[in-house]
Amino acid sequence: MTAGVLKKDSVQDEAGLIRAAQAGDQLACERLVQSYDQQVLRLAYNLLHSQEDARDIYQEAFLRVHRNLHNFRFDCSFHTWLYRIVTNLCLDLLRKRKVRREEPSVIATEDGVKDRASEVAERAAASDPQRQLMSRQLQDRISTVLEGLTPRERAVFEMRHHQGMRLRAIGEVLGTTEEAAKNCLFRATQKMRTALGDFV
Amino acid sequence: MSPVCQQCEEQFSLYLYGELEPAQEEALEAHCAACERCRIALGRERELHRLMDDSTAELPAMLLTSCRRDLAGALAAEPMPIRSWWQRAAAWMAVSGWKPALAAGMLMVGFAAGRVGQRPVLTTQLEQQAVAPALVRVREVAADNQGRVRLVLDETRQREVDGAIDDARIRQLLLAAAQDPSDAGLRFASVDLLRRQPAGEDVRRALMAALERDPNPGVRLKALEGLRPFAADPGVRQLLGQTLERDDNSGVRTQAIDLFVQPGQKDTVDVLQRLMQREDNTYIRSRSQRALEAMNASWETF
């Protein structure tokens, strides 16, 4: 692909990649997307528990990146900017679901519709029936707690516990302070502790 | 429970996340070393964190691949973002370095100053007349003694053409638009319409050219869809093999392997064996492996 060939110096770092993409280099844009898209999809999938919603968020987020990349001014990291777009889209959808009272506890899979908890339980449990039962109960409990978290608590918990982001960065993504993100995480883990206490 | 124990317990979670200040961390560790109750409580918190690890779900297989494929199509259909001239210039300067940009800028300023000096010669009437056509080129300029100027203009006007999808004239225009280097969205739409045309030699050639040379992955994906009826053609098969080995977009390669692997086609073995050596994409590797197994061929080259 001759048209998309990147100059060596422009792929050295992410800033070079962003600048090349801003100048219209499609290959740079594609590489930028592919360096983050798995994390983005994982975040959306874990927050929304729906393949279709995660797919929609993925597409909408990267279309917004494509449309607005020329306005990106390096005021924050690209990661923060991208996650701000993704979490805003997810939070909006979660809030709409709350209003419509349609929080699904099931997910669509290639083998049909499944309870999300059972999917994780099957992965985690051994063939031992007692352990399987325990695992199933644990997953039910975790699903219930996750559904009981506010959209913001859920986003903070997901970004901190599963994506390993620092609270300061999470605060930047959510447009709030590190302290507020810390409080959200505290409330989320407190709810988990209360619900899972007898498993510990 | 002492106030110190209570304060420690509230910090266990942040401690395990590594979010405490170094001084707070040291104080907590020192306290736990001396307090058995808090040591046990910290162990329970650690176990809680381990249980919470199970609150994540694995991404379903192929979800990422299909998302990437859909995104490539959606991006190809998107118009180019509208940017002001200074944004384009700033982006270009950032990529190219500021010295050549500055030199070019000075040249442009000099040129513009020269043009402004001559401006009274061109009447406002000309500007009004020149607004209507899409493109205007001044071919000839002449002045008379009364200060009037005569210009000969080449004008390109927009015109609408419509017709049935299988109309030969429409087909020729689509074939030309499918190669327009300036507009990926136009190429995407044209290739999409061409693939719905009756299978013909000119369409096959245009789709092959798009798959081989178009810089936009969305257009290449559309071309691949259009080449489906020609999947048994030797020229197309050779191009599919090249695409699998050379295309830098995994979405395109993923679609190409589905078209390339056909029952009874033994010409795939060499390409599939080479893919097993170098391909990073899990789906393409597993598809190649299954096809090689079905043909009783080795996964490796010797």
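Residues numbered from 1 in each chain as written. Chains lettered and ligands numbered in written order. Predicted model: local features only at pLDDT ≥ 70, side-chain atom pairs only at ≥ 80, totals over all residues.

(A) Molecular detail of the overall build of chain B. Regarding its fold elements, chain B presents 15 helices and two strands. For chain B, the proportion of its 302 residues judged to be buried stands at 25%. (Helix = DSSP H or I, 4+ residues; strand = E, 2+ residues; numbered from the N terminus. Buried ≥ 20, exposed ≤ 12 C-beta atoms within 10 Å, placed from the backbone.)

(B) How the structure looks around the overall build of chain A. The helix and strand inventory of chain A stands at nine helices and two strands. Moving toward the C terminus, one meets the helices and strands of chain A in the order α-α-α-α-β-β-α-α-α-α-α. Long-range pairs, those at least 24 residues apart, make up 52% of the contacts in chain A between residues at least 6 apart in sequence. (Contact = placed C-beta atoms within 7 Å.)

(C) Structural detail: unusual backbone geometry. At His-49 of chain A, a position not held by glycine, the phi torsion is positive, near 55°. Note that His-49 of chain A resides in the loop between helix H2 (26-48) and helix H3 (51-68). A positive phi angle is found at Asn-296 of chain B, which is not glycine, with a value near 55°. In this fold, Asn-296 of chain B is placed in the segment after helix H15 (282-294).

(D) Main features of the environment of Glu-60 of chain A. All names here are of chain A. Take Glu-60: it is sitting in helix H3. Owing to 17 C-beta atoms within 10 Å, Glu-60 belongs among the partly exposed residues under this scheme. Distance from Glu-60 to Leu-89, taken between C-alpha atoms, is 8.4 Å for residues 29 residues apart in sequence.

(E) Spotlight on helix H11 (residues 217-226) of chain B. Buried residues dominate H11 of chain B, accounting for nine of its ten residues. Pro-217, Gly-218, Val-219, Arg-220, Leu-221, Lys-222, Ala-223, Leu-224 and Gly-226 of chain B are the residues of H11 of chain B that are buried. Each element contacted by the buried residues of H11 of chain B is listed here: H2 of chain A together with helix H4 (63-77), helix H9 (184-194), helix H10 (201-213) and helix H13 (250-260) of chain B.

(F) Focus on the confidence of the model for chain B. Residue and element names in this part refer to chain B. Within chain B, residue pLDDT values average 78, and 78% of them lie at 70 or more. In the model of chain B, helix H7 (residues 124-131) stands out as the element of lowest mean pLDDT, 41, in contrast to helix H2 (residues 22-34), which has the highest, 93. Confidence metrics for the complex model read pTM 0.52 and ipTM 0.77. (pLDDT = per-residue confidence, 0-100.)

(G) Layout of the packing of H10 of chain B against helix H12 (residues 234-246) of chain B. All names here are of chain B. Packing of H10 against H12 leaves a shortest axis separation of 10 Å and a crossing angle of 15°. Considered as vectors, H10 and H12 are oriented roughly parallel to each other. In this structure, H10 crosses over H12, and the sense of that crossing is left-handed. Every residue of H12 that contacts H10 at Met-208, Leu-211 and Glu-212 is listed here: Gly-235, Val-236, Leu-239 and Thr-243. (Axes fitted to C-alpha atoms, helices over the stretch in contact; angles between N-to-C directions. Parallel < 35°, antiparallel > 145°, perpendicular 65-115°, else oblique. Left-handed = near helix turned anticlockwise from the far one by under 90°.)

(H) Region of the structure containing helix H8 (residues 167-174) of chain A. Residue and element names in this part refer to chain A. In terms of burial, H8 is largely enclosed, as six of its eight residues are buried. Among the residues of H8, Leu-167, Ile-170, Gly-171, Glu-172, Val-173 and Leu-174 are the ones counted as buried. One or two positions beyond H8, positive phi appears at Gly-175, with a value near 70°.

(I) View of the nonpolar core. One finds Ala-44 and Val-86 of chain A together with Leu-207 of chain B to be the most contacted residues of the largest nonpolar core, which totals 87 residues. Top contributing element to this core by residue count: H2 of chain A, with twelve residues. (Core = buried A, V, L, I, M, F, W, Y, C linked by C-beta atoms within 7 Å.)

(J) Quick look at the packing of helix H7 (residues 151-162) of chain A against H8 of chain A. Residues and elements named next belong to chain A. H8 packs onto H7 with a crossing angle of 140° between their chain directions and a minimal axis gap of 10 Å. Considering their axes alone, H7 and H8 lie oblique with respect to each other. Of the two possible hands of crossing, H7 and H8 adopt the one that is right-handed. Between H7 and H8, the contacting residues are Arg-152, Ala-155, Val-156, Met-159 and Arg-160 on the first element and Leu-167, Ile-170 and Leu-174 on the second. For the contact of H7 with H8, the per-class residue count stands at six nonpolar, no polar and two charged. (Nonpolar A, V, L, I, M, F, W, Y, C, P; charged D, E, K, R; others polar.)

(K) Fine view of the confidence of the model for chain A. Across chain A, the average pLDDT comes to 81, with 79% of residues at 70 or higher. Confidence drops under a pLDDT of 50 for residues 115-126 of chain A, and excluding neighbours within four residues, the segment shows 28 contacts in the predicted structure.

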